[in-house]
Amino acid sequence: MRYVDEYRDPEAIRALLARIEATITRPWTLMEVCGGQTHSILKFGLDEILPSRLRLIHGPGCPVCVTPLEQIDRALAIASTPGVIFCSFGDMLRVPGSQGDLLLAKARGADVRIVYSPLDAVAIARQEPSRRVVFFAVGFETTAPANAMAAHVAARDGLDNFSMLVAHVLVPPALEALLSAAGCEIQGLLAPGHVCVVTGYRDYEPIAARYRIPIVVTGFEPLDLLRGVHAAVVQLERGEARVENQYERVAGIDGNSAARRVVAEVFSVCDRKWRGLGEIPRSGYGLSPAYAGFDAERVFGLADLRVAEPTDCKSGLVLQGRLRPTQCPQFGKRCTPEHPLGATMVSSEGACAAYFHYGRTADFVAAEAGA
Amino acid sequence: MNDFEKLARLACPLPHNDDGVVQMAHGGGGRKMAQLIEQMFLPAFQSDTLAQLGDGAVVSIGSERLAFTTDTFVVQPPFFPGGDIGSLAVHGTVNDLAMCGAEPVALSLGLVLEEGFAMADLQHIVASIAAACSEIGVSVVTGDTKVVDRGKGDGIYINTSGIGRLRSGIHVGPQRAAVGDAILVSGPVGDHGIAVMAARNGIALQTELKSDSAAVLPLVRAMLDRVPTVKTMRDPTRGGLATALCEIAVSSQVGIRIDESAVPVRPEVRGACELLGFDPLYVACEGRFLAIVPAEQADAALAAVQALPAGAGARRIGEVTEKESGRVVLRTRIGSHRRLERLSGEQLPRIC
């Protein structure tokens, strides 16, 4: 398959691994920021074949995972309102709120629909003028343009039965929160390639300078990830700390200007609460004043809903790379994809889900490495 | 409070374990369905035969050994490239009998129709059932028809049950796989799931791909004629190849190892899976089977299947190992390893 197979080529992978081996002289700890990268690393078993001196810790780049409990509870309250059609990407449906998840709400009679594009939700609003249609707009900078376009189209077409429950978050403020925390072990970052496709990577330059760490814009295929690792290791070994792009084939320094334009039109930067990281100033998007009429929190009067994050699951630590999923005492026992304690176990970008789905227990990796 | 304690306080909610209602995943062929079977059905029915959890049951009447199986079809949409709910209902049940090592003798047909369903569509489906039966050489010998109010069904649901006669000298079962055995698959995996998905509203996926829905009986006959010592057969329907292997590994208490590069997957299935975020190893087939055979007979069994046009894509994909009992391990193209777990949640609802 073109554009995929060449980035999974066993020969090229072996050659690059040899170069990493030849470069690394000391232990280094890198964080891959994006949950999609975490899943690739585990799916392709890169953790098994990388030098043991290189430690990869998994970052907070899973939008479903960092969406706070109160936003899930708002979603459940809206979805359970008679007459509402609640549209969401599939990932969000199994994330537990205080009282069950959206799938359970659906089984109990709520009209919850999985869509593959936010514009599908707008189309439903057009087809069902007597129903209120709400789209759960979750994501990092990557999904913001498509979600912004949904609001843009709804406004253009005068659809007053469409609204969005927004839980958009931004990568750079979260990275600053992680890097400035006491005891941070991150020495280099593999920056999220798809975020940079939209935003470019100028915003990462002050972070690399301030925290003196290499930041490498990295893709998602095995060869992309190894290129990112290699570039970061070369910089670390040389004592460098700059932003470097290893995902040139899709990410440019200024990103996608059309995408940034529609985002700037529809959204404005706001403070956001992150599951696992707490409240971070200016770390998310909310609807801009011109689009406030599409804000589901206002439409349904839920802006004041506040829920404390309970204390049973350790996903806050997992999301910061401070706890490996298998180090959690609940992993695979009380916490499974069928009965998740937290979103990191159900999201397709969640670190706990990756470890569970790919059977990546500590004894398995040890056994295979020795086999 | 130190930093670590502060972080530990930022946490996730308690689980909501008491589901209270049936969810889609209870019929998805994965872990949740397995839990329902293990926790509700098996304790209620207390049947050793049922507890074997084969594709069908083997029951003895006098000296005659019969295979008996039932399957219900709710596929949406009812017409898809390469088949429809009618032919699928015949293939599914006959394949389950074939997986027991049985020759089909008779089928039952139960129809649940929704008021308002187009008579022409029903006619088309019935003709498709008849054609599939005729091709296999089996008859519908009893049936039942119910109609529900408009809006209370979804067009058409079909149940078929089948009785088959076990071939003499054949002893297959999910618990018979043993260390050293080879694992074969009869053709490329995932065609059915992706073809049905592409036929659905809401997915803008254009492909020439057709469902693999077919009776595997001719392939199974050819293989068993040549190699009667086949140990285990399974058709990888919901949950796909990975889930079927996990079920065998647990039933036989063995470890299984397969090679990613050996598993046949069509490029269009791989492409669709990349786009949709699916793993082809978990996508349903409706005209393929897995066979576990003694290693020394693997080449003969494979040759027998490959000799037929429908089996040309058959491959040897792995082996039964004693290591890691109950576990299925995939050797990736780049030489690393990962475990294959049963399907979790529902990947593609209402695929059959």
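Residues numbered from 1 in each chain as written. Chains lettered and ligands numbered in written order. Predicted model: local features only at pLDDT ≥ 70, side-chain atom pairs only at ≥ 80, totals over all residues. Heavy atoms only, no water.

Engineer: Residues and numbers for the overall build of chain A, please.
Structural biologist: Check the secondary structure of chain A and you find 17 helices and 11 strands. On the principal axes, the C-alpha backbone points of chain A span a range of 65 × 45 × 45 Å. Across the 371 residues in chain A, those meeting the buried criterion constitute 61%. A separation of at least 24 residues holds for 78% of the contacts in chain A among residues at least 6 apart in sequence. Carbon together with sulfur atoms contributes 52% to the accessible area of chain A, which is approximately 13900 Å² in total. Separation between the mean location of the 38 positive side-chain charges and that of the 41 negative ones in chain A comes to 1 Å. (Helix = DSSP H or I, 4+ residues; strand = E, 2+ residues; numbered from the N terminus. Buried < 20%, exposed > 50% of the residue type's maximum accessible area, 1.4 Å probe, protein only. Contact = heavy atoms within 4.5 Å. Areas by Shrake-Rupley, 256 points an atom, 1.4 Å probe, with all protein chains shown as cover. Lys, Arg positive; Asp, Glu negative; His and termini not counted. Charge placed at Lys NZ, Arg CZ, Asp CG, Glu CD.)

Engineer: How would you explain helix α1 (residues 10-23) of chain A if you had to name every residue and give the values?
Structural biologist: All names here are of chain A. Here α1 is 14 residues long and its end C-alpha atoms lie 20 Å apart, about the 20 Å a rise of 1.5 Å per residue gives. The complete set of buried residues in α1 reads I13, L16, L17 and I20. The buried residues of α1 occupy an angular sector of 105° when the element is viewed end-on, so they sit on one face. Facing away from the buried side of α1 by over 90 degrees, the exposed positions are E11 and A22. At its buried positions, α1 is contacted by α3 (46-49) and α12 (222-238). (Expected span 1.5 Å × (residues − 1). Arc of directions from axis to C-beta.)

Engineer: Explain the packing of aromatic side chains residue by residue, including any values.
Structural biologist: Residue and element names in this part refer to chain A. Under the counting rule described, the total for this entry stands at 8 aromatic pairs over all chains. Pairing F162 with F294 gives two aromatic rings, centres 6.5 Å apart and planes at 55°, and the pair type is tilted. Highlighted residues: F162 in strand β6 (residues 162-169) and F294 in the loop between β11 (278-287) and α14 (296-299), separated in sequence by 132 residues. The pair formed by F162 and F294 is uniform in burial state, with each residue classed as buried. (Phe/Tyr/Trp six-rings, centres within 6.5 Å; stacked < 30°, edge-to-face > 60°.)

Engineer: Give a description of the domain arrangement of chain B that names residues and reports values.
Structural biologist: Residue and element names in this part refer to chain B. Domain parsing of chain B yields domain 1 (56-166) and domain 2 (182-340). Look at where the C-alpha atoms of domain 1 and domain 2 centre, and you get two points 23 Å apart. Facing the 19 residues of domain 1 at the interface are 22 residues of domain 2. Both sides of the domain 1 and domain 2 interface together cover about 1700 Å² of buried area, and 62% of this is carbon and sulfur. Its largest share of buried area at the contact with domain 2, domain 1 owes to P81, N95 and M99, together 34% of the area lost on that side. A salt bridge links R221 to E103; the nearest nitrogen and oxygen atoms lie 2.8 Å apart. On the surface where domain 1 and domain 2 come into contact, there are 8 residue pairs in polar contact (both at pLDDT 80 or more). Of all elements in the fold, only α4 (85-99) and β5 (102-114) reach the threshold of two or more residues within the side of domain 1 that touches domain 2. (Domains from an automatic or database assignment. Buried area = accessible area lost by both parts, 1.4 Å probe. Salt bridge = Lys/Arg side-chain N within 4 Å of Asp/Glu carboxyl O. Polar contact = N/O pair within 3.5 Å; in protein donor to acceptor, adjacent residues only side chain to side chain.)

Engineer: Go over the state of the cysteines, please, and point to the residues and values.
Structural biologist: Tallying each qualifying case throughout the model produces 1 disulfide over all chains. Free of any disulfide, C133 of chain B has its nearest cysteine sulfur in C352 of chain B, 18 Å distant. (Disulfide = S-S within 2.5 Å.)

Engineer: Break down the sheet that holds strand β1 (residues 28-34) of chain A for me, citing the residues and quoting the values.
Structural biologist: Residues and elements named next belong to chain A. One open sheet accounts for 5 strands, arranged β2-β1-β7-β8-β9; its pairing is parallel. Across the chains shown, the open sheet's two edge strands, defined by having one partner strand only, are β2 (54-61) and β9 (243-245). Neighbour to neighbour, the strand axes of the sheet diverge by 25° on average, direction disregarded. Two strands pair when backbone bridges link them, and β1 and strand β7 (residues 188-192) are joined in this way by 3 bridges, in the parallel orientation. Residue pairing in the sheet places E32 in a bridge with L190 of β7. α12 contacts β1, β2, β7, β8 (215-218) and β9 of the sheet and is inclined by roughly 170° relative to β8. (Pairing = 2+ DSSP bridges. Axes fitted to C-alpha atoms, helices over the stretch in contact; angles between N-to-C directions.)

Engineer: Any chance you could break down the nonpolar core for me, citing the residues and the numbers?
Structural biologist: It is characteristic of soluble globular proteins that their nonpolar side chains tend to be buried jointly. Residues and elements named next belong to chain B. Judged by nonpolar contacts, the single largest core of 61 residues is most densely connected at I158, V230, M233 and F289. Element by element, the count of residues in this core is highest for α4, at 7 residues. The residue makeup of this core includes at least three contributed by each of domain 1 (56-166) and domain 2 (182-340). Residue contacts for M233: discarding those within four places in its chain leaves D55, A98, M99, G101, V172, V220, M223, L224, L290 and A291. (Core = buried A, V, L, I, M, F, W, Y, C linked by side-chain atoms within 4.5 Å.)

Engineer: A description of the sheet that holds strand β10 (residues 267-274) of chain A should follow, citing residues and the corresponding values.
Structural biologist: Residue and element names in this part refer to chain A. Within the open sheet, the 6 strands sit side by side as β4-β3-β5-β6-β11-β10. Their pairing is mixed. In this open sheet, the two edge strands, each paired with only one partner strand, are β4 (111-114) and β10. Taking each pair of neighbouring strands and ignoring which way they run, the sheet shows an average axis angle of 25°. Relative to β6, strand β5 (residues 132-139) runs parallel, the two being bridged by 7 bridges. Of the residues in β6, the one forming a bridge with F135 is M164. Against the sheet, helix α13 (residues 257-266) engages β10 and β11, with an angle of about 75° to β10.

Engineer: How would you explain the environment of K210 of chain B if you had to name every residue and give the values?
Structural biologist: Residues and elements named next belong to chain B. Its location among the elements puts K210 in the loop between α6 (191-199) and α7 (217-226). Of the residues examined, K210 reaches a relative accessible area of 55% and is grouped as exposed. Along the chain, K210 and H192 lie 18 residues apart, while their C-alpha atoms are 7.0 Å from each other. Aside from chain neighbours lying at most four places away, what touches K210 is P81, G82, D191 and A195.

Engineer: Could you give an account of the domain arrangement of chain A, with specific residues and numbers?
Structural biologist: All names here are of chain A. Annotation of chain A at the domain level lists domain 1 (19-61 + 172-245) and domain 2 (65-169 + 257-299). Taken together, the 11 residues of domain 1 in the interface contact 13 residues of domain 2. Carbon and sulfur atoms make up 78% of the surface buried where domain 1 meets domain 2, a total of about 940 Å² over both sides. At the surface where domain 1 touches domain 2, the tally comes to 0 salt bridges. Linking domain 1 to domain 2 there are 0 residue pairs in polar contact (both at pLDDT 80 or more).

Engineer: Would you mind going over unusual backbone geometry in detail, with residue names and values included?
Structural biologist: Omega for the peptide link from Q76 of chain B to P77 of chain B comes to 5°, which places this bond in the cis form. Residue position: P77 of chain B is located in the loop between β2 (64-73) and β3 (79-80). In the Ramachandran plot, R212 of chain A falls in the positive-phi region, its phi being about 50° despite a non-glycine side chain. Structurally, the position occupied by R212 of chain A is in the loop between α11 (205-211) and β8. Look at Q253 of chain B: it is not a glycine, yet its phi comes out positive at around 50°. Relative to the helices and strands, Q253 of chain B is located in the loop between α8 (240-252) and β10 (255-259). What makes Q253 of chain B exposed here is its relative accessible area of 53%.

Engineer: Before we move on, can you summarise the environment of V112 of chain A with the specific residues and values?
Structural biologist: Residues and elements named next belong to chain A. Its location among the elements puts V112 in strand β4. For the pair V112 and S80, spaced 32 residues apart in the sequence, the C-alpha separation amounts to 9.0 Å. Ignoring sequence-local partners within four residues, the contact set of V112 consists of A79, F86, L93, L102 and K106.

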